[in-house]
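# Observations on chain architecture
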Amino acid sequence: MAKILTEREVSEIMSQLSVEQRKFILENSKQSKKAKWLEVLAIFKGIDIQNTMTLEEVESYIDDWVLVDILDSGYGNKNYQCECGNPLRYQYIVMNKKKQMTFGFGKTCLSNHTNLSTELVKDILNGFHKIDLERDEILLKVFKGELFNLKPYLNLENIPQVIIEQVNLGLPLLNKQIYQLEEMKQEYDKRKCHERILDGLKSEARLAFEGFPKPVQQEMLRKMVNNEYIRNVPTGFQDDEIEWLLSLGLPLLEKHQRKIFTYYQKQKLEKEMQQQLELEEYYAPYREKNITRINSGIATHISPISVIDYQTLKERHSTTLKAIHAHQDRLSTGNKKEWERIISMIRQLKEGGEFDYSSFKLNINMICFQLHIERDYYLY
Ligand SMILES: [Zn+2]
């Protein structure tokens, strides 16, 4: 596994620390390893550990080998011995709780001399390695002089004791500790901001707010923070709850906004349909005359059918025709019929048949109006 610092580098940086700093790092690392040992054992034995439990409490549930201490001969020395005789720098003092007997082992021998499975020991040692990496992260920051300024965070309640102690000793923080503080600060700032907003509410509004279920409160707070207020509703719109919220100066919820939007849409649609109806009524006489003329096939000298060939028609109107085609599912019933008639007219023209150009232009104009489509130049 990758290491941040070599053993020599660790020893060198450690030697530059004050006695208190060194003691803190060693103690912290040892405590973390004891905790890790118990945690892995508890997981293997299926024991449920609660966050609130102390090390001793967890230990009392474990009727097996526990880690008592880790002895260190110091860099370059091997002053300890495993039960099997191997010389060691680090000796792991473990106790068999059933037999109440204590032994000193090297880490590679841990599973040889105990009944702990190799898998379990591997998990423990992986955990130890991560703890060593964290120690190295701190030492590397010491080496680079990366100290942490706790001042902006001091108004936070519940800063973990270990962080305060670490900073007071002039030791850097781990990145994960910095993230932890940052998260706590964001939570704190959010809470303060919410408090400020709620304090600014009128007393009736505040009372109403307190009565809402949690999810509603959260949605409202979010809207108040982002200043997402709707102050006006469309004329004719009626909803008691919405009126009440508006009178209290509270933001409307998503469901209210949807209600208003639906109302708007309906109103717009009705208006458009009304216009469409008026237009169709206006053009009706002309349209009927054209249809009659086509049906009877009579071309009079008073209103001659304009002459156009298929190629010219395509050149003039293909953009408009394509646009209508793309939106044909939005056509009104009346216009849908006209559109179908236009298509068959064009087909006839292509096959050399007769074509009523003015009727074509009239109907295309109406369709464009209904679909809000830009008309080509020849349609004006
Ligand atoms: Zn051994």
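Please refer to the structure placed before this passage.
Throughout what follows, the structure given in this document is the object of discussion. All chains use their own residue numbering, which begins from 1 and follows the written sequence. Totals for whole chains, interfaces and linings use every residue, but because this is a predicted model, local features are given only for residues with pLDDT of at least 70 and side-chain atom pairs only at 80 or more, for both listing and counting. Think of the side-chain values as coming from all heavy atoms in the structure, minus any hydrogens and water.

Assigned secondary structure in the protein consists of 14 helices and five strands. Against the compact-globule benchmark of 21 Å for 380 residues, the protein has a radius of gyration of 41 Å, which places it well outside the compact range. Dimensions of the protein, computed from the C-alpha atoms along their principal axes, are close to 125 × 60 × 45 Å. The contacts in the protein between residues at least 6 apart in sequence include a share of 61% that link residues at least 24 apart. One finds the centroid of the 53 positive side-chain charges in the protein at a distance of 3 Å from the centroid of its 55 negative side-chain charges. We count a stretch as a helix when DSSP gives it H or I for four or more residues in a row; a strand needs E for two or more, and each element gets its number in order from the N terminus. Throughout, the radius of gyration refers to the C-alpha atoms, and the reference size of a globule is 2.2 Å times the residue count to the power 0.38. In what follows, residue pairs with any heavy atoms lying within 4.5 Å of each other are defined as contacts. In summary, the charge assignment counts Lys and Arg as positive and Asp and Glu as negative, without counting His or the chain termini. Taken as the charge centre is NZ of Lys, CZ of Arg, CG of Asp or CD of Glu, depending on the residue.

Here we come to the coordination of the zinc ion. Coordination shells were defined by N, O and S atoms within 2.8 Å of each metal, extended to 3.2 Å for Na, K and Ca; water is absent from the atom set, which can make sites look incomplete. Within the first shell, the zinc ion binds the protein through Cys82 (SG), Cys84 (SG), Cys109 (SG) and His113 (NE2), at distances of 2.1 to 2.4 Å. By relative accessible area, which is 4% here, Cys82 ends up buried. When a residue's accessible area, from a 1.4 Å probe over protein chains only, is under 20% of the maximum for its type it is buried; when over 50% it is exposed; and in between it is partly exposed.

Spatially, S1-S4-S5 is the arrangement adopted by the three strands of the open sheet, whose pairing is antiparallel. Edge positions in the sheet fall to strand S1 (65–72) and strand S5 (101–105), since each of these pairs with one other strand and no more. Pairwise comparison of adjacent strand axes, ignoring direction, gives a mean angle of 25 degrees for this sheet. Paired strands are those between which DSSP finds at least two bridges. Inspection of the sheet shows strand S4 (residues 90–96) paired to S5 by five bridges, in the antiparallel sense. The partner of Val94 across the bridge, within S5, is Phe103. Note on method: axes are straight lines fitted to C-alpha atoms, helices fitted across the in-contact stretch only, with angles between N-to-C directions ranging 0 to 180 degrees. Relative to the sheet, helix H2 (residues 19–45) contacts S1 and S4, its axis offset from that of S1 by approximately 155 degrees.

Take unusual backbone geometry next. With the exception of glycine, the majority of residues adopt a negative phi angle, and the majority of peptide bonds are in the trans configuration. Even without a glycine there, the phi angle at Asn227 is positive, about 55 degrees. The residue Asn227 is located in the loop between helix H9 (214–225) and helix H10 (240–248) in this model. At His372, a residue that is not glycine, the phi angle is positive and equals roughly 55 degrees. Assignment of secondary structure puts His372 in the segment after helix H14 (357–371).

This brings us to the pattern of salt bridges. Put simply, a salt bridge is a Lys or Arg side-chain nitrogen that is within 4 Å of an Asp or Glu carboxyl oxygen. Under the definition given, this model contains 21 salt bridges. With its nearest N and O atoms 3.9 Å apart, the salt bridge here joins Lys141 to Glu137. Here the residue Lys141 and the residue Glu137 both occupy positions in helix H5 (residues 118–144), the gap between them amounting to four residues, near one helical turn. Judged by its relative accessible area of 10%, Lys141 is buried. Linked through salt bridges whose partners overlap, the residues forming this network are Lys33, Asp132, Arg135 and Asp136.

Looking now at the packing of helix H1 (residues 7–16) against H5. At a minimum axis distance of 10 Å, the contact between H1 and H5 shows a crossing angle of 60 degrees. The orientation of H1 with respect to H5, classified from their angle, is oblique. When the axes of H1 and H5 are compared, the crossing they make is left-handed. In this structure, H1 uses Val10, Ile13 and Met14 to contact H5, whose residues at the interface are Arg135, Asp136, Leu139, Val142 and Phe143. Amino acid classes used here: Ala, Val, Leu, Ile, Met, Phe, Trp, Tyr, Cys and Pro are nonpolar; Asp, Glu, Lys and Arg are charged; the rest, including Gly, are polar. When grouped by side-chain class, the residues that make up the contact of H1 with H5 number six nonpolar, no polar and two charged. Just so you know how the angles are binned, under 35 degrees is roughly parallel, over 145 roughly antiparallel, 65 to 115 roughly perpendicular, and the rest oblique. Each helix crossing is assigned a hand: it is left-handed if the near helix lies turned anticlockwise from the far helix by less than a right angle, otherwise right-handed if that turn is clockwise.

The next thing to look at is the packing of aromatic side chains. Each aromatic pair joins two rings of Phe, Tyr and Trp (for Trp, the six-membered one) with centres within 6.5 Å, and gets the label stacked for planes under 30 degrees apart, edge-to-face for over 60, and tilted for any other angle. Across all of its chains, the model carries ten aromatic pairs by this definition. Seen in terms of ring centroids, Phe103 and Phe105 are 5.7 Å apart; in terms of plane orientation they differ by 5 degrees. Their pairing is stacked. By relative accessible area, which is 21% here, Phe103 ends up partly exposed. Its end group placed over the ring of Phe128, Lys33 keeps NZ or CZ at 5.6 Å from the ring centre. The criterion is that NZ of a Lys, or CZ of an Arg, lies within 6 Å of the ring centre and within 35 degrees of the ring normal, and then a charge sits over that ring. Seen from the ring of Tyr229, Arg231 lies directly overhead, with NZ or CZ sitting 4.3 Å from the centre.

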